[in-house]
Amino acid sequence: RQIGDAPRPAPQHRPACAGEQVATGAYDGSARLWRDDGSLLASFSPGDGPVQALAFDAVRGALWVGTWGGRVIVYDQRSGAATTVCRLTESIRTLGLAADGRHLVAGDNGGRFQVIDLEGGTQPVLSAQVAGPAYRARFDTDGSVLVTSADGLRRYRPGATLPTAVYPCDDARWFDVLPD
């Protein structure tokens, strides 16, 4: 459904929902926070091309935005401040927030992905490469990172720098990784 006057969301993107708020990203480079009644709470334009990916934490009032220019920016809903969390080489394709809110995973079109400890600064705790774009990256319930790419699904356990499991597939682009 379209909410308010929001521009069409970027491809490969689903709105990020948390409770009674929805976050959307758009081709015009803006990210917006909406109430579930369709009224606009906040609008943020990182100025780095279309918004490709979002992660939202309503408890912290934080919106992570993945841009075409390869930046991950956190927007603080309460203060209005925006800070670059990390930069990858190519456009950000996927973002995932851990259930506890402590870690964020970002993946780009070149297959690079990073896991950032949000409470420990902006240095990645895991940085790795998969074949082709990192289509989806999410955290499993045990804290593992699940990443889909052109050659399948890979699982990275906490603290591991190499995948602990590989599930091959001809093209995992259409896989969705649960939990989300």
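Everything quoted here is computed from the prediction, not taken from an experiment.

Here we come to the overall build of the chain. Helices and strands together make up the secondary structure of the chain, namely 0 helices and 16 strands. Within the chain, contacts between residues separated by at least 24 positions form 33% of all contacts whose residues are at least 6 apart in sequence.

Okay, the nonpolar core next. Counting 15 residues, the largest nonpolar core has Trp64, Val72, Val85, Leu95 and Leu104 as its most contacted members. Only β5 (51–57), β6 (62–67), β7 (71–76), β8 (82–87), β9 (92–97) and β10 (103–108) provide two or more residues apiece to this core. Every residue in contact with Trp64, bar those within four places of it in the chain, is listed here: Ala53, Leu54, Ala55, Asp57, Val72, Ile73, Val74, Val85, Leu95, Leu97, Leu104 and Leu118. Within the second largest apolar cluster, 13 residues are counted, among which are Val115, Leu126, Ala128 and Tyr156.

Across all of its chains, the model carries 11 salt bridges by this definition. Glu119 is the salt-bridge partner of Arg60, the closest N and O atoms lying 3.4 Å from each other. Of the two residues, Arg60 sits in the loop between β5 and β6 while Glu119 sits in the loop between β11 (112–117) and β12 (124–129), which places them 59 residues apart along the sequence. According to the relative accessible area criterion, Arg60 is partly exposed, its value standing at 28%. Relative accessible area serves as the criterion here: at 54%, Glu119 is assigned to the exposed category. Across the salt bridge formed by Arg112 and Asp108, the nearest N and O atoms sit 3.3 Å from each other. Salt bridges sharing common partners tie together Asp57, Arg60, Arg102, Asp117 and Glu119.

Pairing between sheet strands relies on hydrogen bonds along the backbone, with the strands arranged either parallel or antiparallel. Reading across the sheet, the 4 strands line up as β5-β6-β7-β8 and stay open at both edges, with antiparallel pairing between neighbours. Since the sheet does not close on itself, it has two edges, and those belong to β5 and β8, each with one partner. Taken pair by pair, the neighbouring strands of this sheet meet at an average axis angle of 20 degrees, ignoring direction. In the sheet, β7 pairs with β8 via 5 bridges, with the strands oriented antiparallel. If you follow Tyr75 over to β8, its bridge partner there is Ala82.

Taken over all residues, the pLDDT of the chain has a mean of 80, while the share at 70 or more is 83%. Contacts for the low-pLDDT stretch residues 1–14, under 50 throughout, to residues beyond four places or in other chains number 36 contacts.

Sheet architecture is open: 4 strands sit in the order β13-β14-β15-β16, paired in antiparallel fashion. Whereas interior strands pair on both sides, the edge strands pair on one side only; in this sheet they are β13 (136–139) and β16 (165–168). Adjacent strand axes in the sheet meet at a mean angle of 15 degrees when their direction is disregarded.

Attention now moves to the packing of aromatic side chains. With the rule as written, the count across this model stands at 2 aromatic pairs. Centroid distance Phe44 to Tyr75: 4.9 Å. Interplanar angle 20 degrees. Geometry classified as stacked. Residue Phe44 is found in strand β4 (residues 40–44), and its partner Tyr75 is found in strand β7; the two are separated by 31 residues along the sequence. Each member of the pair, Phe44 as well as Tyr75, carries the same accessibility label: buried. On the numbers, 5.0 Å between centres and 65 degrees between planes, the contact of Phe113 with Tyr156 is edge-to-face. On the criterion of sequence distance, the pair formed by Phe113 in strand β11 and Tyr156 in strand β15 (residues 152–156) is long-range, its members being 43 residues apart. What makes Phe113 buried here is its relative accessible area of 0%. With relative accessibility at 2%, the residue Tyr156 sits in the buried group.

Definitions and limits used
Residues numbered from 1 in each chain as written. Predicted model: local features only at pLDDT ≥ 70, side-chain atom pairs only at ≥ 80, totals over all residues. Heavy atoms only, no water. Helix = DSSP H or I, 4+ residues; strand = E, 2+ residues; numbered from the N terminus. Contact = heavy atoms within 4.5 Å. Core = buried A, V, L, I, M, F, W, Y, C linked by side-chain atoms within 4.5 Å. Buried < 20%, exposed > 50% of the residue type's maximum accessible area, 1.4 Å probe, protein only. Salt bridge = Lys/Arg side-chain N within 4 Å of Asp/Glu carboxyl O. Pairing = 2+ DSSP bridges. Axes fitted to C-alpha atoms, helices over the stretch in contact; angles between N-to-C directions. pLDDT = per-residue confidence, 0-100. Phe/Tyr/Trp six-rings, centres within 6.5 Å; stacked < 30°, edge-to-face > 60°.

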